[in-house]
Amino acid sequence: EIRVIDLGPFKQKVDDALPVRKAALSIFSTCLDKCPELIDVPEFIPILAKALGDVEDIQLQTHQIIMAMCPRYPAETLSSVES
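Residues numbered from 1 in each chain as written. Predicted model: local features only at pLDDT ≥ 70, side-chain atom pairs only at ≥ 80, totals over all residues. Heavy atoms only, no water.

1. Structural notes on the overall build of the protein
Thinking step 1. When helices and strands are counted, the protein shows four helices and two strands.
Thinking step 2. Its helices and strands in sequence order give the protein the pattern β-β-α-α-α-α, from N to C terminus.
Thinking step 3. Counting over 83 residues, the protein shows a buried share of 27%.
Thinking step 4. Here the contacts in the protein between residues at least 6 apart in sequence split such that 45% fall between residues at least 24 apart.
Thinking step 5. Accessible surface, the protein as shown: approximately 6,000 Å² in total, 61% of it carbon and sulfur.
Thinking step 6. The distance from the centre of the 8 positive side-chain charges to the centre of the 13 negative ones in the protein is 8 Å. (Helix = DSSP H or I, 4+ residues; strand = E, 2+ residues; numbered from the N terminus. Buried < 20%, exposed > 50% of the residue type's maximum accessible area, 1.4 Å probe, protein only. Contact = heavy atoms within 4.5 Å. Areas by Shrake-Rupley, 256 points an atom, 1.4 Å probe, with all protein chains shown as cover. Lys, Arg positive; Asp, Glu negative; His and termini not counted. Charge placed at Lys NZ, Arg CZ, Asp CG, Glu CD.)

2. Some points on the layout of surface pockets
Rolling a probe over the atoms, with the probe sized like a water molecule, indicates the empty space that remains.
Thinking step 1. Of the volumes computed, that of the largest pocket is approximately 210 Å³.
Thinking step 2. In this structure, the largest pocket is lined by Arg21, Ala24, Leu25, Phe28, Phe44, Ile47, Lys50, Ala51, Asp54 and Ile58.
Thinking step 3. Looking at the lining of the largest pocket, its residues break down into seven nonpolar, no polar and three charged. (1 Å grid on protein atoms, 1.4 Å probe; cavity = no way out; pocket = protein on both sides within 12 Å on 5 of 7 lines; lining within 4 Å. Points joined across faces, edges and corners; volume = space filled by probe spheres on them. Nonpolar A, V, L, I, M, F, W, Y, C, P; charged D, E, K, R; others polar.)

3. Brief notes about the pattern of salt bridges
Thinking step 1. Summed over the entire model, instances satisfying the criterion amount to five salt bridges.
Thinking step 2. Here Asp15 ties to Arg21 by a salt bridge, and the two come within 2.6 Å at their closest N and O atoms.
Thinking step 3. According to the relative accessible area criterion, Asp15 is buried, its value standing at 19%.
Thinking step 4. Among the charged side chains, a network of salt bridges with common partners joins Asp15, Arg21 and Asp54. (Salt bridge = Lys/Arg side-chain N within 4 Å of Asp/Glu carboxyl O.)

4. A look at the confidence of the model for the protein
Low pLDDT means the predicted coordinates in that region are not meant to be read closely.
Thinking step 1. When pLDDT is averaged across the protein, the result is 91; 99% of the residues are at 70 or more.
Thinking step 2. Here helix H4 (residues 74–82) is the element of the protein with the lowest mean pLDDT, 84, and helix H1 (residues 18–34) is the one with the highest, 95. (pLDDT = per-residue confidence, 0-100.)

And the structure:
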């Protein structure tokens, strides 16, 4: 998933899966906006919890999704925070 590229005097870490994770969260965000009745929130909460421990870009996207979920799914969001 993460590879190190040798650039001479220094090395750079490249996360090849980062664009895929961003795209997956973007798709969920779009579904949350366009077809919220099709989303199984309790099954998606653990994925969001794991994404909160990812790199900063993924964390930011995850926070935005959680903020959008709060008014639509207050009970599910609150119960996931408590557990």
